[in-house]
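Residue-level structure breakdown
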Amino acid sequence: MSMCAEIIAVGRFRAELVPWLEYPEALYADTKVGAPVVKVIFGIAEGSTASIRFAQLVGIDDAWDFNQHKIDPTQIDFAALETFLKSLSGWVEGDYLADLQTLERFAGAGFDLYFLPNG
């Protein structure tokens, strides 16, 4: 089985983040500022090679080293990540572009980011 990769973002709710959150805007209407929210970002399904490269670009040397799975946003190479994502099929469908923008937004908003390998 080949590896797939995701990022899990965990942070505090703020109304300006609603466009990047997991669910439709209406579901956040009664959410209090500061409530914890979670968002799954990416779903790299192009296999192990792509998932391992993805991990490297978010600052993880060994995708299976659980000690490294908390991502340091200052270690994300956003320019190289964008170039890499453009080579994958998800970019054509638009999913990876939206995910990249979400990752940038949440990294800047102080969310905790975690790498999640599967497979």
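Please refer to the structure placed before this passage.
In this report, the structure presented in the accompanying data block is examined. Bear in mind that the values here come from a model prediction, so they are computed numbers and not experimental data.

Here we take up helix 2 (residues 78-86). Among the residues of helix 2, L81, F84 and L85 are the ones counted as buried. Along the axis of helix 2, the buried residues cluster in a sector spanning 95 degrees; they form a single face. Turned more than 90 degrees away from the buried face of helix 2 sit A79 and T83, all of them exposed.

Next up on the list: the nonpolar core. Within the largest apolar cluster, 36 residues are counted, with the highest numbers of intra-cluster contacts made by I7, F42, I44, F54, L81, L85 and L113. Per element, the largest residue contribution to this core is 5 residues, and it comes from helix 4 (residues 95-108). In contact with L81, other than residues within four places in its own chain, are F54, L57, V58, I76, L100 and L103.

Attention shifts here to the environment of G11. Within the secondary structure, G11 is located in strand 1 (residues 4-12). Owing to a relative accessible area of 10%, G11 belongs among the buried residues under this scheme. Considered as a pair, G11 and F106 are 95 residues apart in the sequence and their alpha carbons are 8.1 Å apart.

Okay, a nonpolar patch on the surface next. A grouping of V10, V38 and Y114 is seen on the molecular surface, where their side chains present a nonpolar patch of about 220 Å² in accessible area. Here V38 lies in strand 2 (residues 36-44). A residue is classified by how much of its surface remains accessible, and V38, at 46% relative accessible area, is partly exposed.

About the cut-offs
- Residues numbered from 1 in each chain as written.
- Predicted model: local features only at pLDDT ≥ 70, side-chain atom pairs only at ≥ 80, totals over all residues.
- Heavy atoms only, no water.
- Buried < 20%, exposed > 50% of the residue type's maximum accessible area, 1.4 Å probe, protein only.
- Helix = DSSP H or I, 4+ residues; strand = E, 2+ residues; numbered from the N terminus.
- Arc of directions from axis to C-beta.
- Core = buried A, V, L, I, M, F, W, Y, C linked by side-chain atoms within 4.5 Å.
- Contact = heavy atoms within 4.5 Å.
- Patch = residues over 30% accessible without salt bridge, like charges linked within 9 Å, V, L, I, M, F, W, Y side chains within 5 Å.
- Areas by Shrake-Rupley, 256 points an atom, 1.4 Å probe, with all protein chains shown as cover.
- Salt bridge = Lys/Arg side-chain N within 4 Å of Asp/Glu carboxyl O.

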